[in-house]
Amino acid sequence: MGLLLPVVLCALAAFCRATSPPLPPSHFWPLLSHGCNESGVLELAGLALQDINRDRKDGYVLSLNRVSDVREDRQGNLGSLYYFTLDVLETGCHVLSKKSWKDCGVRHLHQSVYGKCKALFYVNRPERVLYVPAYNCTLRPAYRRRIQMMCPDCPFPISVSDPKVLETATETLAKYNSESTSKQYSVFQVTQASTQWVVGPAYFVEYLIKESPCTQHKDGNCALQPPDSLPVGLCRGSRTETRLEKFVRVNCEFFEPQVPTPGEENPAAKQGPADLPMVKESQQRNIAPTNSPSKAMPKGSVQYLPKLDDEMMPEDAQGNIPVEAFPVQLDLTTNPQGESLDVSFLFLHPMEEKLVVLPFPKKEQRSAECPGPAQQPNPLILPP
Ligand SMILES: *[C@@H]1O[C@H](CO)[C@@H](O)[C@H](O)[C@H]1NC(C)=O
Ligand SMILES: *[C@@H]1O[C@H](CO)[C@@H](O)[C@H](O)[C@H]1NC(C)=O
């Protein structure tokens, strides 16, 4: 009998496997809480945000203002799945620059864009795996009547589709092109715009540029534009008018060319920064993209909402931001028992590895020592 039992169990397991998808392991253990100011938590939150920034194709690099909540789900030998809620600020670096958020400065208060991200972060230290299976963020511009009252003369954001904005972008880039001795560029997309009254109207714009097929000295002799030409840099331009004169300033920054490495297509390749000693370079490269079932799964998105004044969402008497102002949804499952997530593709060995993902913890279940202290503690740029 003692010998028979394992055989019966195996047969049963094979039967189950053949008829229905493998059941997720049931989840009885509680999530662990951590302090949001713990150095280990801050380090992991920073790495998770780095992965989020690396996954994005447009917008500006987000920096960590504070850890709003963290819960850890230890999953035995597989490591831990963290549930992070992060309060973030837009920086001045475009995501295509691939710069680390730590190297990017945040914007002035009147040009701030701030919000909240939720992210799952899978950490397996012995196997040197760091991986964000999913994230979602919601951002809003900080600029509101209260900031305008604090600084009536500050530049204020305007729509990038304002005709004056494209005019300013085109005109400032023309100046850049006229001073360039070789390559010429054209406006790919305006990414930010603001205006201010100086001695006359002034416009400030930021825009992505792509290489133009025309060269400076071959007017009317332009090569065919490759249809897939990508933005190569970000320009900041301004135009100030006075009654008599017009001043045009422009400054462009070029992105580092991205050399595609084998495995770069695979989300698993974004396991962590190269400077993290925990992450083996070789392992990042050896991952076969073919055995990655979740490859096609969109990891996440960043949602931009209008500034709070534009919505029927009045602040209370103290000027506090309404609690529901930054809705972020991140639910891979609604099953309280959890659902399994195949992460086998993150490992070099051929075994099947499955994490248990739970519904994202509710705000009311926040860890006791959370949120942590903010880098920029101004309540005008802190989501509730
Ligand atoms: C992320 O947010 C979008 C809405 O912005 C939502 O449709 C999507 O389901 C969210 N993703 C997850 C995994 O919850
Ligand atoms: C956060 O941690 C740092 C360094 O450990 C400490 O100096 C600081 O006082 C802590 N802040 C809070 C609000 O606990």
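Residues numbered from 1 in each chain as written. Chains lettered and ligands numbered in written order. Predicted model: local features only at pLDDT ≥ 70, side-chain atom pairs only at ≥ 80, totals over all residues. Heavy atoms only, no water.

Per an unreviewed UniProt entry, the chain carries the name Fetuin B and comes from Suricata suricatta. Of the comments in the UniProt record for the chain, the one headed Subcellular location (unreviewed entry) reads "Secreted". (UniProt positions renumbered as here; feature names shortened; annotations may be inferred.)

S.K.: I would appreciate a short explanation of the nonpolar core in the present structure.
M.R.: What tends to happen in soluble globular proteins is that the nonpolar side chains get buried as a cluster. In terms of nonpolar packing, the biggest core is built from 33 residues, with Leu49, Val67, Val70, Phe84, Leu86 and Phe121 touching the most fellow members. Of all the secondary structure elements, the ones that give two or more residues to this core are α2 (39-55), β2 (60-74), β3 (80-94), β4 (113-124) and β5 (129-141). In terms of residue count, the dominant contributor to this core is α2 (7 residues). Discounting chain neighbours no more than four positions away, the residues touching Leu49 are Leu62, Ser63, Leu64, Leu86, Val88 and Trp101. With 20 residues, the next largest nonpolar core counts Leu78, Leu81, Phe347 and Phe360 among its residues. (Core = buried A, V, L, I, M, F, W, Y, C linked by side-chain atoms within 4.5 Å. Buried < 20%, exposed > 50% of the residue type's maximum accessible area, 1.4 Å probe, protein only. Helix = DSSP H or I, 4+ residues; strand = E, 2+ residues; numbered from the N terminus. Contact = heavy atoms within 4.5 Å.)

S.K.: Explanation requested: the site of ligand 1 in the structure shown.
M.R.: Near ligand 1 the following residues occur: Asn136, Gln329, Leu330, Asp331 and Leu332. Asn136 is positioned such that a nitrogen or oxygen atom in its side chain is 2.2 Å from an oxygen atom of ligand 1. In this structure, an oxygen atom belonging to ligand 1 sits 3.0 Å away from a main-chain N or O atom of Asp331. Its residues assigned to classes, the shell around ligand 1 comprises 2 nonpolar, 2 polar and 1 charged. (Near = heavy atom within 4 Å. Polar contact = N/O pair within 3.5 Å; in protein donor to acceptor, adjacent residues only side chain to side chain. Nonpolar A, V, L, I, M, F, W, Y, C, P; charged D, E, K, R; others polar.)

S.K.: Sorry, what's going on with the side chain of His110 here?
M.R.: For His110, the location among the structural elements is in the loop between β3 and β4. Among all residues touching His110, those that are not within four sequence positions of it are Tyr143, Ile147, Cys154, Pro155 and Pro157.

S.K.: Explain the packing of aromatic side chains here, please?
M.R.: What describes a pair of aromatic rings is the distance from one ring centre to the other and the angle between the planes of the rings. Scanning the entire structure with this criterion turns up 7 aromatic pairs. Between Tyr82 and Phe84 the ring centres are 5.8 Å apart and the planes differ by 15 degrees, which places this aromatic pair in the stacked class. In terms of burial, Tyr82 and Phe84 fall into one category: buried. One aromatic cluster is present, formed by Tyr176, Tyr185 and Phe254 through successive ring pairs. Here the guanidinium or amino end of Arg140 rests over the ring plane of Phe326, the centre of that ring lying 5.8 Å away. (Phe/Tyr/Trp six-rings, centres within 6.5 Å; stacked < 30°, edge-to-face > 60°. Lys NZ or Arg CZ within 6 Å of the ring centre and 35° of its normal.)

S.K.: I keep staring at the sheet that holds β5 and nothing clicks. Help me out?
M.R.: What holds strands together in a sheet is hydrogen bonding between their backbones, with the strands either parallel or antiparallel. Spatial strand order, β1-β2-β3-β4-β5-β11: 6 strands in an open sheet with mixed pairing. Only two strands of the sheet have a single neighbouring strand rather than two, namely β1 (32-33) and β11 (300-304). Judged from the 2 bridges that link them, β1 and β2 form a sheet pairing that is antiparallel. Directly across from Ser33, in β2, lies its bridge partner Arg71. Packing of α2 onto the sheet brings it into contact with β2, β3, β4, β5 and β11, and relative to β2 it is tilted by some 125 degrees. (Pairing = 2+ DSSP bridges. Axes fitted to C-alpha atoms, helices over the stretch in contact; angles between N-to-C directions.)

S.K.: Quick question: what am I supposed to make of the layout of surface pockets here?
M.R.: Over the atoms rolls a probe the size of a water molecule, and in doing so it shows where empty space is left. The computed volume of the second largest pocket comes to approximately 710 Å³. The wall of the second largest pocket is formed by 28 residues, among which Pro141, Val160, Thr191, Gln192 and Tyr304 lie closest to the centre. Breaking the lining of the second largest pocket down by element, the ones donating at least two residues are β3, β6 (156-157) and β7 (184-197). In terms of residue count, the dominant contributor to the lining of the second largest pocket is β7 (6 residues). Residue composition of the lining of the second largest pocket, by class: 14 nonpolar, 10 polar and 4 charged. Three or more residues apiece are contributed to the lining of the second largest pocket by two domains, here domain 1 (28-143 + 324-383) and domain 2 (155-213 + 230-256). (1 Å grid on protein atoms, 1.4 Å probe; cavity = no way out; pocket = protein on both sides within 12 Å on 5 of 7 lines; lining within 4 Å. Points joined across faces, edges and corners; volume = space filled by probe spheres on them. Domains from an automatic or database assignment.)

S.K.: Teacher, can you tell me more about the pattern of salt bridges here?
M.R.: Where charged atoms of side chains with opposite charge meet at close range, the side chains can pair. This structure, assessed with the given rule, holds 17 salt bridges. Two residues, Lys164 and Glu167, come together in a salt bridge whose shortest N-O distance is 3.8 Å. Of this pair, Lys164 and Glu167 both sit in helix α4 (residues 163-179), separated by 3 residues, roughly a single helical turn. Taking relative accessible area as the criterion, Lys164 reaches 30% and is therefore assigned partly exposed. Measuring nitrogen to oxygen at the nearest pair gives 3.4 Å for the salt bridge that ties Glu211 to Lys183. Of the two residues, Glu211 is situated in strand β8 (residues 201-212) and Lys183 in the loop between α4 and β7; the sequence distance between them amounts to 28 residues. Beyond isolated ion pairs, a larger network of salt bridges with shared partners links Glu90, Lys99, Arg107, Glu206, Arg236 and Glu253. (Salt bridge = Lys/Arg side-chain N within 4 Å of Asp/Glu carboxyl O.)

S.K.: In this structure, what is going on with the state of the cysteines? I would like to understand it.
M.R.: A covalent bond between the sulfur atoms of two cysteines is what we call a disulfide. For the structure on display, the rule yields 5 disulfides. Linked covalently through their sulfurs, Cys151 and Cys154 form a disulfide whose S-S length is 1.8 Å. Disulfide Cys151 to Cys154: torsion about the S-S bond roughly 85 degrees, handedness right-handed. Looking at Cys151, the relative accessible area reads 23%, which means it is partly exposed. (Disulfide = S-S within 2.5 Å.)

S.K.: Would you explain the sheet that holds β7 in this entry?
M.R.: The antiparallel open sheet is built from 5 strands, whose spatial order is β6-β7-β8-β9-β10. The open sheet has two free edges, formed respectively by β6 and β10 (246-254), since each of these has just one partner strand. Pairing of strand β9 (residues 233-241) with β10, which is carried by 9 bridges, proceeds in the antiparallel orientation. Counterpart to Leu234 in the pairing with β10 is Glu253. Relative to the sheet, α4 contacts β7, β8, β9 and β10, its axis offset from that of β7 by approximately 125 degrees.

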